Amino acid sequence: MTSIAVDGDYRLCDVVLDGSFRSRHAHVERERSIAIYDLLEKNTFMPVGHDGGPYCLSLASTHASLALHITTENGAHVLTHYLALAPFRRLLKDYIVMCDSFYDALHCATTAKFETIDMARSAIHNDAAELLRKQLASKVTVDRYTARRLFTLIYVLHVRRPSISLC
């Protein structure tokens, strides 16, 4: 796991999502809750050229991008960045398919098949997190762990409906 050594308080202390992140599906809501909890427990979040936080991050869905509104803990505006989601299209599609397979495998797959699906899902997640780090690099520096949790939130935003499979 990559860590970034810093002197200031470069971390998220709050994450707020707009209503488009809500789902009626329990496992999607669970993924959202876990991602936010994990993100707040451990993260490295460094807006380029800013003296330090902690920071509050508000995520909102726009037509073709994800709006990241960043403030300090006391509400002072730091920056707003619109992250284009087009570069993530293929990875999101693949990740959604792998997550559907993962949830299906929980109920009826052999251990070997489940582990294979989980490894593939994790590899896609890692690739997407690395792409996210690169896409954010000019505005915000994040470590690998933080990028993985943020990508999970992008996934939650884009998953339409979970497939239901009866084995």
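Above this text sits the structure in question.
None of these values were measured; they are calculated from a predicted model. (Residues numbered from 1 in each chain as written. Predicted model: local features only at pLDDT ≥ 70, side-chain atom pairs only at ≥ 80, totals over all residues. Heavy atoms only, no water.)

A. Here's a closer look at the overall build of the protein. What the protein contains, in helices and strands, is four helices and six strands. The helix and strand sequence of the protein, counted from the amino end, reads β-α-β-β-β-β-α-α-β-α. Burial analysis of the protein (167 residues in total) assigns 46% to the buried set. When contacts within the protein are restricted to residue pairs at least 6 apart in sequence, those whose partners lie at least 24 apart make up 63%. Summed over its atoms, the accessible surface of the protein is roughly 9,100 Å², and 51% of this surface lies on carbon and sulfur atoms. (Helix = DSSP H or I, 4+ residues; strand = E, 2+ residues; numbered from the N terminus. Buried < 20%, exposed > 50% of the residue type's maximum accessible area, 1.4 Å probe, protein only. Contact = heavy atoms within 4.5 Å. Areas by Shrake-Rupley, 256 points an atom, 1.4 Å probe, with all protein chains shown as cover.)

B. Geometry of the nonpolar core. By size, the foremost hydrophobic cluster in this structure holds 48 residues, and its most contacted members are Leu 83, Leu 153 and Tyr 155. Per-element tally for this core: the top contributor is helix 2 (residues 89–108), with nine residues. With sequence-adjacent residues up to four places away left out, Tyr 155 is seen in contact with His 27, Glu 31, Leu 92, Tyr 95, Ile 96, Cys 99 and Tyr 103. (Core = buried A, V, L, I, M, F, W, Y, C linked by side-chain atoms within 4.5 Å.)

C. Here's a closer look at the side chain of Arg 149. Mapped onto the elements, Arg 149 comes out in helix 4 (residues 144–158). Despite its burial, Arg 149 pairs with no opposite charge, the nearest such side chain being Asp 38 at 4.3 Å. (Lys, Arg positive; Asp, Glu negative; His and termini not counted. Salt bridge = Lys/Arg side-chain N within 4 Å of Asp/Glu carboxyl O.)

D. Quick peek at the pattern of salt bridges. Tallied over the full model, the rule gives five salt bridges. The salt bridge partner of Arg 90 is Asp 94, with a shortest N-O separation of 3.2 Å. Linking Arg 90 with Asp 94, this pair stays in helix 2, spanning four residues, or about one helical turn. Looking at Arg 90, the relative accessible area reads 55%, which means it is exposed. Overall, Asp 94 belongs to the partly exposed group, its relative accessible area being 29%. Across the pair Arg 121 and Asp 118 runs a salt bridge, and its minimum N-O distance is 2.8 Å. With Arg 121 and Asp 118 both in helix 3 (residues 111–136) and three residues apart, this pair spans about one turn of that helix. Taking the relative accessible area as the measure of exposure, Arg 121 reaches 15% and is therefore buried. A residue is classified by how much of its surface remains accessible, and Asp 118, at 27% relative accessible area, is partly exposed.

E. View of helix 2. The end-to-end C-alpha distance of helix 2 is 29 Å, a good match for the 28 Å that 20 residues give at a rise of 1.5 Å each. Looking at the buried residues of helix 2, the elements they touch are helix 1 (26–41), helix 3 and helix 4. (Expected span 1.5 Å × (residues − 1).)

What is shown is where atoms sit, not what they do.
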